[in-house]
Structure formats: structure tokens, C-alpha cells
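Reading the structure
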Amino acid sequence: MERLKDETQALISAIKDTEIYKEYIRAAKETDSESAEKIKRYKELMKAAAESKSQDGMGQAEALYREIMLNPETRRLAVCEKRLLKLVTEIYDEIGSQIDII
């Protein structure tokens, strides 16, 4: 188990060394707290709408998403976060496919 912990830390370090992660961190630092709060609220609305299958909640989330995307600062952060999540998902999928759980 200790080897897995060490390898996990190495993987985390490798992710942090990618340009994708560095760009995400730069975008996060350049985003003001109000804009970051809008992104957080959008995520919460999407999660709640998905869980409850609420069309009203989905409409609210979509309206907030449009607002977020109109602001270059929040759009950049959202795009960077999406790229980072895609990278992590690809890593997870690769691990899963190699140990036959996916």
C-alpha cells in the first residue's frame, strides 16, 4: 500500500507539472472572488438539477452559464477547469481499462 501512496503522489506531481494544470492555476488566480463564486454556483445548480431532474434548475444553470461565458475571465477559468478535468478523467479511464474495471 505504501508503494501506491508514493505512486499516487508522483502522479499528482506529474499532473501539477502539466501546462494544463499551470494554466488552470493562473486562470484561478486571475479570477476575482465574485466571478469564482458564480462558477461555484453554476456547478451547484447543475448538480442539483441533475439529481432532481429539475427543468427549472437546469434553466437557472443554463442562464448562469451564459452569463459566465460572456465574461472573458470566467470563461477562461471554466475552459481551463474543463481541460484539467478531461486530463484527470483520461488518466482514470486508462487506469480502469488496464485493471479491467471499465
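Coordinates for the structure precede this section.
Summarised in this report is the structure supplied together with it. If you're wondering where the values come from, they're calculated on a predicted model, not measured in any experiment. (Residues numbered from 1 in each chain as written. Predicted model: local features only at pLDDT ≥ 70, side-chain atom pairs only at ≥ 80, totals over all residues. Heavy atoms only, no water.)

Quick word on the overall build of the protein
Scanning the protein for helices and strands turns up five helices and zero strands. For the protein, the sequential pattern of α-helices and β-strands runs α-α-α-α-α. Against the 2.2 N^0.38 benchmark of 13 Å for 102 residues, the protein shows a C-alpha radius of gyration of 17 Å, more extended than a compact globule. Taking the principal axes of the C-alpha coordinates as reference, the protein spans close to 45 × 35 × 20 Å. Taken over 102 residues, the protein has a buried fraction of 21%. Expressed as a percentage of contacts within the protein between residues at least 6 apart in sequence, the contacts between residues at least 24 apart total 63%. Considering the protein, the positive charge centre built from 18 side chains and the negative charge centre built from 21 side chains are found 2 Å apart. (Helix = DSSP H or I, 4+ residues; strand = E, 2+ residues; numbered from the N terminus. Rg over C-alpha atoms; globule rule 2.2 N^0.38 Å. Buried < 20%, exposed > 50% of the residue type's maximum accessible area, 1.4 Å probe, protein only. Contact = heavy atoms within 4.5 Å. Lys, Arg positive; Asp, Glu negative; His and termini not counted. Charge placed at Lys NZ, Arg CZ, Asp CG, Glu CD.)

So far we have only geometry, and geometry alone does not tell us how the molecule works.
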